[in-house]
Amino acid sequence: MSLPKVILKSGKEKSIQRRHPWIFSGAVYGVSREINDGEMVDVVDSKNNHLGTGYFSDKGSIVVRILTFGDETFSENFWKDKLQSAWYLRTQILDFEVTNAFRVIHGEGDGISGLIIDYYDKNWVIQAHSTGVFLQMDKIAEAIKSNFPEYCETIYCKSSGTLPNTGTDYFLFGNKAEAVAKENNILFSVNWVEGQKTGFFLDQRENRKLLGEFSKGKKVLNTFCYTGGFSLYAMSAGAELVTSVDISQKAVDLAASNMELNFPNANHKAIADDVFNFMKENHQIYDVIVLDPPAFAKSIKSKHTATQAYKRLNIAGLKALAPNGILFTFSCSQVIDDVLFYNTVAAAAIETGRNIRVLHKLEQGPDHPTNIYHPEGHYLKGLVLFVE
């Protein structure tokens, strides 16, 4: 049976011809018939030339998420093939002997717009960002079980936060809710049922490792610590003192628990407090500070407010740094691009009047790849600063 068609306005085919996977509502001329949310469609230009196939959405500005381009056809093996390709890439960039927690599918970066899959020691957590992908959940789970039987104990669908109308999260296979995952031989207790996102923030792995190189014998402050990722890497490198701060008592308890799991005698302080309040009230001077806040800007409308928040946070961080200190500062807000983030940190630096050099520009790890045709997939920005 032929698929319904989404017909583009004249001249609006350029982006899809350049293999960008999003079709926005403003590019659409019309449809061949009524289309349900999540239904698969063919996209054609104004002359009825086939451009691609993907999932239709009647919510938000992205009307179609393209899965196949041009003459490539969508087959029953699509999920298996994409998973195999993504897994092969991870075998090339990760050492499974020391790391068994990583992202397997990173949306557009792995050719499946709207799908996230994270892996925690034989446990798979799936997050759908589109109804079309969510409706294929059983097929995705079957592809995982078929491709990786020896690497699969549990498959969990956790999409209620990204698609509120889908109901509750649920197990597709198995029933484990947590595991002790390993990242560069550091252990983390991960609970994908109760934790944020899929249970852990995997995108900072390489940046956490880099932090360790600056932490030996140093006093380290990790703000917005969540489960203590940066804190554990600092302590593993021989930090003198590590302080972990998060507004969530639950997160702070998890950070303390993870520290105990790895370094039971660590000089570690876990503090539940608003980070801005902590920075204002705290009088300790640190040698290394991590500023890794949640996304201050989730839409264009909040861009200005978010920029001001990033500036205030970085001023506070720079003021709390000892002479010749190191600042790791990040933004995961997609609407804050690299240039704006850099300029915002520079504006904060100007207010402190300190001599500052940029040592590194950071981004998400390679298991969170950016599709070269979809630059929006680059969302994590970071700077490592040497502050005299």
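Note that the coordinates shown come from a computational prediction; the quantities given were computed from them, not determined experimentally. (Residues numbered from 1 in each chain as written. Predicted model: local features only at pLDDT ≥ 70, side-chain atom pairs only at ≥ 80, totals over all residues. Heavy atoms only, no water.)

A. Region of interest: the layout of surface pockets. Quantified by volume, the second largest pocket comes out at close to 250 Å³. At three residues, the largest contribution of residues to the lining of the second largest pocket is made by strand S6 (residues 62-69). Looking at the lining of the second largest pocket residue by residue, the class counts come to eight nonpolar, five polar and five charged. (1 Å grid on protein atoms, 1.4 Å probe; cavity = no way out; pocket = protein on both sides within 12 Å on 5 of 7 lines; lining within 4 Å. Points joined across faces, edges and corners; volume = space filled by probe spheres on them. Helix = DSSP H or I, 4+ residues; strand = E, 2+ residues; numbered from the N terminus. Nonpolar A, V, L, I, M, F, W, Y, C, P; charged D, E, K, R; others polar.)

B. How the structure looks around the pattern of salt bridges. Within this structure, the stated rule accounts for 16 salt bridges. Of the charged contacts in the structure, one is a salt bridge between Glu108 and Arg65, with a shortest N-O distance of 3.4 Å. On the criterion of sequence distance, the pair formed by Glu108 in the loop between strand S7 (101-106) and strand S8 (115-120) and Arg65 in strand S6 is long-range, its members being 43 residues apart. Classification of Glu108 as buried rests on a relative accessible area of 12%. (Salt bridge = Lys/Arg side-chain N within 4 Å of Asp/Glu carboxyl O. Buried < 20%, exposed > 50% of the residue type's maximum accessible area, 1.4 Å probe, protein only.)

C. Molecular detail of unusual backbone geometry. Of note, the phi angle at Asn48 is positive, near 70 degrees, even though the residue is not glycine. Here Asn48 falls in the partly exposed class, since its relative accessible area comes to 47%. Even without glycine at this site, Asn324 takes up a positive phi of about 60 degrees. With respect to the helices, strands and loops of the structure, Asn324 is situated in strand S18 (residues 321-331).

D. Layout of the sheet that holds S18. The seven strands lie next to each other as S16-S15-S14-S17-S18-S20-S19, forming an open sheet whose pairing is mixed. Strands at the two margins of the open sheet, each flanked by one partner only, are strand S16 (268-272) and strand S19 (356-362). Neighbour-to-neighbour, the strand axes of the sheet open up by a mean angle of 15 degrees, direction not taken into account. Of the pairings in the sheet, the one linking S18 to strand S20 (residues 381-387) comprises seven bridges and is antiparallel in character. Looking at the pairing, Thr329 lines up with Leu383 of S20. Its contacts with the sheet put helix H5 (residues 205-212) on strand S17 (286-291), S18, S19 and S20, and the angle it makes with S18 is roughly 175 degrees. Its contacts with the sheet place helix H7 (residues 249-262) against strand S15 (241-246) and S16, and it is angled at close to 165 degrees to S16. (Pairing = 2+ DSSP bridges. Axes fitted to C-alpha atoms, helices over the stretch in contact; angles between N-to-C directions. Contact = heavy atoms within 4.5 Å.)

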